[in-house]
Amino acid sequence: MEKRKIVVIGSCNTDMVIRVDHLPLPGETIIGHDFMTNQGGKGANQAVAVARLGGQTAFVARVGKDGFGEQSISLLRAEGIDTNCVTATEGVSTGVALIPVDDKGENSIIVASGANARLSIEDIKAAEPLIKEAGIVLMQLETPLETLMYAAEVACKAGARVVLNPAPFPKDPLPGEFLSHIDLITPNETEASRMTGIEVSDEESIHQAIRAIQRLGVRDVIITAGGKGAYTDINGELIHLAACKTEVVDTTAAGDTFCGALCVALSEGRSLSEGIRFANQAASLSVTRMGAWRSIPKREELKP
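Model, not experiment: these values are computed from the prediction. (Residues numbered from 1 in each chain as written. Predicted model: local features only at pLDDT ≥ 70, side-chain atom pairs only at ≥ 80, totals over all residues. Heavy atoms only, no water.)

Asks: Give me the overall build of the protein: which residues, what numbers.
Replies: Broken down by element type, the protein carries 10 helices and 13 strands. Scaling as 2.2 N^0.38, a compact globule of 304 residues should have a C-alpha radius of gyration of about 19 Å, and the protein matches this with 18 Å. By the burial criterion, 56% of the 304 residues in the protein qualify as buried. Long-range pairs, those at least 24 residues apart, make up 69% of the contacts in the protein between residues at least 6 apart in sequence. On the protein, the mean spot of the 29 positive side-chain charges and the mean spot of the 39 negative ones are 5 Å from each other. (Helix = DSSP H or I, 4+ residues; strand = E, 2+ residues; numbered from the N terminus. Rg over C-alpha atoms; globule rule 2.2 N^0.38 Å. Buried < 20%, exposed > 50% of the residue type's maximum accessible area, 1.4 Å probe, protein only. Contact = heavy atoms within 4.5 Å. Lys, Arg positive; Asp, Glu negative; His and termini not counted. Charge placed at Lys NZ, Arg CZ, Asp CG, Glu CD.)

Asks: Please set out the layout of surface pockets residue by residue, giving values where relevant.
Replies: If you add up the space inside the largest pocket, you get close to 1200 Å³. Residue contributions to the lining of the largest pocket peak at 5 residues, all from helix H9 (residues 254-267). (1 Å grid on protein atoms, 1.4 Å probe; cavity = no way out; pocket = protein on both sides within 12 Å on 5 of 7 lines; lining within 4 Å. Points joined across faces, edges and corners; volume = space filled by probe spheres on them.)

Asks: Give a detailed account of the environment of Glu-122, specifying residues and quantitative values.
Replies: Mapped onto the secondary structure, Glu-122 falls in helix H3 (residues 121-126). Spatially, the C-alpha atoms of Glu-122 and Glu-70 are 22 Å apart, while their sequence positions differ by 52 residues.

Asks: Hey, could you go over the sheet that holds strand E4 (residues 57-64) for me, with residue numbers and the actual values?
Replies: What the 9 strands build is an open sheet, ordered E5-E4-E1-E8-E9-E10-E11-E12-E13; its pairing is mixed. On the outer flanks of this sheet lie strand E5 (82-89) and strand E13 (237-241), each paired with one strand and no other. Alignment of strand E9 (residues 161-164) against strand E10 (residues 184-185), held across 2 bridges, turns out to be parallel. Counterpart to Val-163 in the pairing with E10 is Leu-184. Most of the contacts of helix H8 (residues 203-215) go to strand E12 (residues 230-234), to which it runs at about 55°, and overall it touches E10, strand E11 (220-224), E12 and E13. Strands in contact with helix H10 (residues 272-286) are E10, E11, E12 and E13; relative to E12, the strand with the most contacts, it is inclined by about 175°. (Pairing = 2+ DSSP bridges. Axes fitted to C-alpha atoms, helices over the stretch in contact; angles between N-to-C directions.)

Asks: How would you explain the sheet that holds strand E3 (residues 35-40) if you had to name every residue and give the values?
Replies: An order of E3-E2-E6-E7 is seen for the 4 strands of this open sheet, with the pairing classed as mixed. Since the sheet does not close on itself, it has two edges, and those belong to E3 and strand E7 (110-112), each with one partner. Along the sheet, successive strands turn relative to each other by an average axial angle of 20°, direction set aside.

Asks: Please set out the pairing of E13 residue by residue, giving values where relevant.
Replies: In this structure, E12 lies alongside E13, joined through 5 bridges in antiparallel fashion. The residue bridging Asp-233 from the neighbouring strand is Leu-238, located in E13. The turn linking E12 back onto E13 is made up of 2 residues, and Asn-235 within it adopts a positive phi angle of 55°.

Asks: Summarise the packing of aromatic side chains; cite the residues concerned and give the values.
Replies: All told, the structure shown has 0 aromatic pairs when counted by the stated rule. Above the plane of the ring of Phe-278 lies Arg-270, whose end atom (NZ or CZ) is 4.7 Å from the centre. (Phe/Tyr/Trp six-rings, centres within 6.5 Å; stacked < 30°, edge-to-face > 60°. Lys NZ or Arg CZ within 6 Å of the ring centre and 35° of its normal.)

Asks: Please set out the pairing of E11 residue by residue, giving values where relevant.
Replies: Looking along a regular strand, one sees side chains alternate from face to face of the sheet. Burial analysis of E11 places 5 of its 5 residues in the buried class, the great majority of the element. Neither face of E11 is exposed, since Asp-220, Ile-222 and Thr-224 on one face and Val-221 and Ile-223 on the opposite face are all buried. As judged from the 2 bridges shared by E10 and E11, these two strands associate in the parallel manner. Counterpart to Ile-185 in the pairing with E11 is Val-221. Remark: 5 residues form the turn of the hairpin made by E11 and E12, two consecutive strands paired antiparallel; Gly-226 in that turn has positive phi of roughly 55°.

Asks: Before we move on, could you go through the packing of H9 against H10 and cite the residues and values that matter?
Replies: The angle between the axes and the distance between the axes are what describe a pair of packed helices. Closest axis-to-axis distance for the H9/H10 pair is 8 Å, and the angle between their directions is 145°. Classified by chirality, the crossing of H10 by H9 is right-handed. Listed contacts from H10 to Ala-254, Thr-257, Phe-258, Ala-261, Leu-262, Val-264, Ala-265 and Leu-266 of H9 are Leu-272, Gly-275, Ile-276, Phe-278, Ala-279, Asn-280, Ala-282, Ala-283 and Ser-286. Counted by class, the contact of H9 with H10 contains 13 nonpolar, 4 polar and no charged residues. (Left-handed = near helix turned anticlockwise from the far one by under 90°. Nonpolar A, V, L, I, M, F, W, Y, C, P; charged D, E, K, R; others polar.)

Asks: Can you lay out the pattern of salt bridges for me, pointing to particular residues and giving the numbers?
Replies: Applying the stated rule across the entire model yields 14 salt bridges. Across the salt bridge formed by Asp-256 and Lys-42, the nearest N and O atoms sit 2.7 Å from each other. Here Asp-256, found in helix H9, pairs with Lys-42, found in helix H1 (residues 42-52); they are 214 residues apart in sequence, far enough to count as distant. Using a relative accessible area of 3% as the deciding quantity, one classes Asp-256 as buried. The partner of Lys-65 in a salt bridge is Glu-90, and the shortest N-O contact between them spans 3.3 Å. (Salt bridge = Lys/Arg side-chain N within 4 Å of Asp/Glu carboxyl O.)

The following block contains the structure:
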C-alpha cells in the first residue's frame, strides 16, 4: 500500500506583524500602520500548507504551556492536522516572531525560539509510529539540529522520502551525516550560496550550486528564486519553472507554502517538475495576501 501521509517536523510560532513604509535601519524608530497577530513558524506554516492543499498531515513540534500554545494547537486541529505529537511545554513560552512588512511586500523576521528549542530526540522517538507510516517527512532548521538529524535517520530507515527546507541556514555547514539522509532539499539562492560557497547570481551559477549540493549527498535539489520561480536538475539538465505573475503584498510564508505544496504533489505521485509547477502556483497566490497562515491557499483555489 502506498504511503501518502506527510509528517512535518518543526517550529510553531505566534507571528506579530506590523505594516511599515520601509524596513527600519539600525537605530531608527519608525511609525507603523496595521498590526496583526498570526499563527506562524516554518514548521506550522508548512503543515497548514500540506493540509489545505489536500495532504494527510501530522505535525511534530513543541509549544509553550501558555495561551499562544493552546491557541496554536486548537487552530492546527481545526485545519485537520494530527497534533498528537505537538507537546505543550512547562516553563517556556511558545515561539514568537516579530515581522515588519514594507510597502513592497518584503519583510525581516526576528524569532524568539521558546519551546521550539526544546524539541528533542525523545519527541522523535515518541513520534516514530507516525514517521513509519509516512511517505514524506518534511523538516526545516528552526528546531535543534541533533533532533532533526535523528528524525532524518529514522525516516530514511522507514523508507520515507526526507525533504529539507534549509532555513534559517546555520552558521556552520550542515553535517554530511545529516545530508546523507536527505532525499530532496529546497534552498533559496542565498541558502544555496552559503551551502556551496558559490555566488548564485545567474542560471550558470545556479546549476553549479545544484551540482555542488548533489555532490554533498542530496539527490534532488530545488533552488527557489522568489519571483523568478524555481530551478532543478533533471538528468543533468537545468530546468527552470517560472513563477506565476502576481502583485506582491507580503512574502511571509511563501517559501513554506511552496514546500508544503511540493510535498503534496509528490505524495500524489507527480513528477518533480510537476510538483514544482504546483508549488509555484500555490506560492504565487500566497504572496498576494498578508500574513502567514492567512496567506496559504486552499486546494480549490489552484488550477488542476
